[in-house]
Amino acid sequence: KKHDEAVAAIIKFLGMEPCDGTRKIKKAGKPHMLHLSGIFVDGRTVLARAQVSMQQGSNNGEAGSGVVLKIAVRSEDSELSLMVINCIN
């Protein structure tokens, strides 16, 4: 369930729409590839590809689990792409 929650949170946070049926996770426990598309305020198209995976705590005293997000953002304007990525930092 946490994997689904992470994907939903990324979609909501970026305000973009999932493409190609990637909203739904097909295999639990495996990294999930999420494709997103959106239109910026001034009408420019923005595309993103996010790999979402769950990370379990290690034996080094870490408790619980977390989410690992790897994301690539593309648009016609590299500054716009960087701005979207920097929203996550």
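Structural data are supplied above this passage.
Below is a short write-up of the structure. Fair warning: this is a prediction, and the values are worked out from it, not measured in the lab.

A count of helical and extended segments in the protein chain gives two helices and four strands. Counting the 89 residues in the protein chain, one finds 26% classified as buried. Of the contacts made within the protein chain by residues no fewer than 6 positions apart, 32% connect residues no fewer than 24 positions apart. Within the structure as shown, the protein chain displays about 6,400 Å² of accessible surface, and the carbon and sulfur contribution to it stands at 52%.

Moving on, we come to the pairing of strand S2 (residues 32–39). Burial along S2 is one-sided: the residues His32, Leu34, Leu36 and Gly38 are buried and none of Met33, His35, Ser37 and Ile39 is. As paired strands, strand S1 (residues 17–18) and S2 are joined by two bridges and run antiparallel to one another. Note that in S2 the partner of Glu17 across the bridge is Ser37. Note that S2 and strand S3 (residues 45–56) share eight bridges and pair antiparallel. Note that in S3 the partner of Gly38 across the bridge is Val46. The antiparallel hairpin formed by S2 and S3 contains five residues in its connecting segment, where Gly43 sits at a positive phi of about 95 degrees.

Cut-offs applied
- Residues numbered from 1 in each chain as written.
- Predicted model: local features only at pLDDT ≥ 70, side-chain atom pairs only at ≥ 80, totals over all residues.
- Heavy atoms only, no water.
- Helix = DSSP H or I, 4+ residues; strand = E, 2+ residues; numbered from the N terminus.
- Buried < 20%, exposed > 50% of the residue type's maximum accessible area, 1.4 Å probe, protein only.
- Contact = heavy atoms within 4.5 Å.
- Areas by Shrake-Rupley, 256 points an atom, 1.4 Å probe, with all protein chains shown as cover.
- Pairing = 2+ DSSP bridges.

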